[in-house]
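In case you want the letters, here they are:
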Amino acid sequence: MVYFPIAKLSLLLVRQISKPVTKFIKRKATSNAIFREYVVCPPAQILHWIGVRSKMRMLGLGQPKFVPPLNNAMAIETGSNILGELTIFTIGISLILLEFTRQAKNDKKKHDRHRAQRQRLENEIELLNDRINQQINEMKFLKNKLSEFDISPEFKNVIKKCS
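If you're wondering where the values come from, they're calculated on a predicted model, not measured in any experiment.

The helix and strand tally for the protein chain stands at 4 helices and 0 strands. Each helix and strand of the protein chain, ordered N terminal to C terminal, gives the series α-α-α-α. Burial analysis of the protein chain (163 residues in total) assigns 12% to the buried set. Long-range pairs, those at least 24 residues apart, make up 61% of the contacts in the protein chain between residues at least 6 apart in sequence. Of the roughly 13,900 Å² of accessible surface on the protein chain, a fraction of 65% belongs to carbon and sulfur atoms.

Laid out in structure tokens, this is it:
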């Protein structure tokens, strides 16, 4: 059960790494109105809307007709946190995909090497089988030539034993 502490540590590491990104997004959102209104605030408002509706449903109070939006400071804070963690998450996913494709490429090369080695061995086995068949044919030919000559009965017994 070592996995749970490792997961907690990795989550803490992601949050620590995302802090500088979050600070950068906050600075840009406070200075740039277009960035704030179209990039940072909408995810924060959506998260706030979903959170309020789900909490009201869990408390059994029904669905609210209107969810008041976050103020500007809270929207910038929440939106920059979301975007910072999303940025780190995207980088992590892309690194995992990169490693996966690299590993698949290495496996393909290894598989191709094994296939080539197997083909070489099969070719060599076929060559050796051809050589064996050729030698068997030569032995048969030599036995026939040898049987044509008049030889002693003892030598014929030796030839029969070799057959």
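Next comes the rest of the account.
Another aspect to go through is the nonpolar core. Among the nonpolar cores identified, the biggest contains 9 residues, and these are Ile25, Ala29, Val40, Cys41, Ala44, Leu70, Ala75, Ile76 and Leu83. Residue assignment for this core shows that the elements contributing at least two residues are α1 (3-31), α2 (33-58) and α3 (72-148). In this structure, Cys41 is in contact with Arg36, Asn72, Ala75 and Ile76, ignoring residues within four places of it in sequence.

With that settled, the discussion passes to the confidence of the model for the protein chain. Residue-level pLDDT values for the protein chain average 86, and 89% of them are 70 or greater. At the low end of the mean pLDDT range in the protein chain sits helix α4 (residues 153-162), at 66; at the high end sits α3, at 92.

Another point: the side chain of Ser80. Within the secondary structure, Ser80 is located in helix α3. By relative accessible area, Ser80 is classed as buried at 0%. Side-chain polar atoms of Ser80 contact the backbone oxygen of Ile76, separated by 2.8 Å. When neighbours within four sequence positions are excluded, Ser80 is seen to be in contact with Thr22, Ile25, Lys26 and Val40.

This next bit is on the environment of Val14. For Val14, the location among the structural elements is in helix α1. In this structure, the C-alpha to C-alpha distance between Val14 and Gly84, residues 70 residues apart in sequence, is 9.8 Å.

The next point concerns the pattern of salt bridges. Inspection of the entire model under this criterion finds 6 salt bridges. Note that Arg102 is salt-bridged to Glu99, the shortest N-O span being 2.7 Å. Here Arg102 and its partner Glu99 are both found in helix α3, 3 residues apart, which amounts to about one turn of the helix. For Glu99, a relative accessible area of 37% puts it in the partly exposed group.

This brings us to α3. In this model α3 runs 113 Å from its N-terminal to its C-terminal C-alpha over 77 residues, within 8% of the 114 Å that 1.5 Å per residue would give. Three or more residues of α3 are buried, namely Ala75, Ile76, Thr78, Gly79, Ser80, Leu83, Gly84 and Ile88.

Together, Leu86, Phe89, Ile93, Ile96 and Leu97 make up a nonpolar patch on the protein surface, roughly 500 Å² of accessible area in all. Structurally, Leu86 can be placed in helix α3.

Right, let's get into a positive patch on the surface. On the surface, a cluster of positive charge is contributed by Lys19, Lys23, Arg27 and Lys28. Structurally, Lys28 is set in helix α1.

Now for the environment of Lys28. According to the relative accessible area criterion, Lys28 is partly exposed, its value standing at 40%. For the pair formed by Lys28 and Ile76, sequence separation is 48 residues and the distance between their alpha carbons is 9.9 Å.

Here is what the cut-offs are and how they apply
- Residues numbered from 1 in each chain as written.
- Predicted model: local features only at pLDDT ≥ 70, side-chain atom pairs only at ≥ 80, totals over all residues.
- Heavy atoms only, no water.
- Helix = DSSP H or I, 4+ residues; strand = E, 2+ residues; numbered from the N terminus.
- Buried < 20%, exposed > 50% of the residue type's maximum accessible area, 1.4 Å probe, protein only.
- Contact = heavy atoms within 4.5 Å.
- Areas by Shrake-Rupley, 256 points an atom, 1.4 Å probe, with all protein chains shown as cover.
- Core = buried A, V, L, I, M, F, W, Y, C linked by side-chain atoms within 4.5 Å.
- pLDDT = per-residue confidence, 0-100.
- Polar contact = N/O pair within 3.5 Å; in protein donor to acceptor, adjacent residues only side chain to side chain.
- Salt bridge = Lys/Arg side-chain N within 4 Å of Asp/Glu carboxyl O.
- Expected span 1.5 Å × (residues − 1).
- Patch = residues over 30% accessible without salt bridge, like charges linked within 9 Å, V, L, I, M, F, W, Y side chains within 5 Å.
- Lys, Arg positive; Asp, Glu negative; His and termini not counted.
- Charge placed at Lys NZ, Arg CZ, Asp CG, Glu CD.

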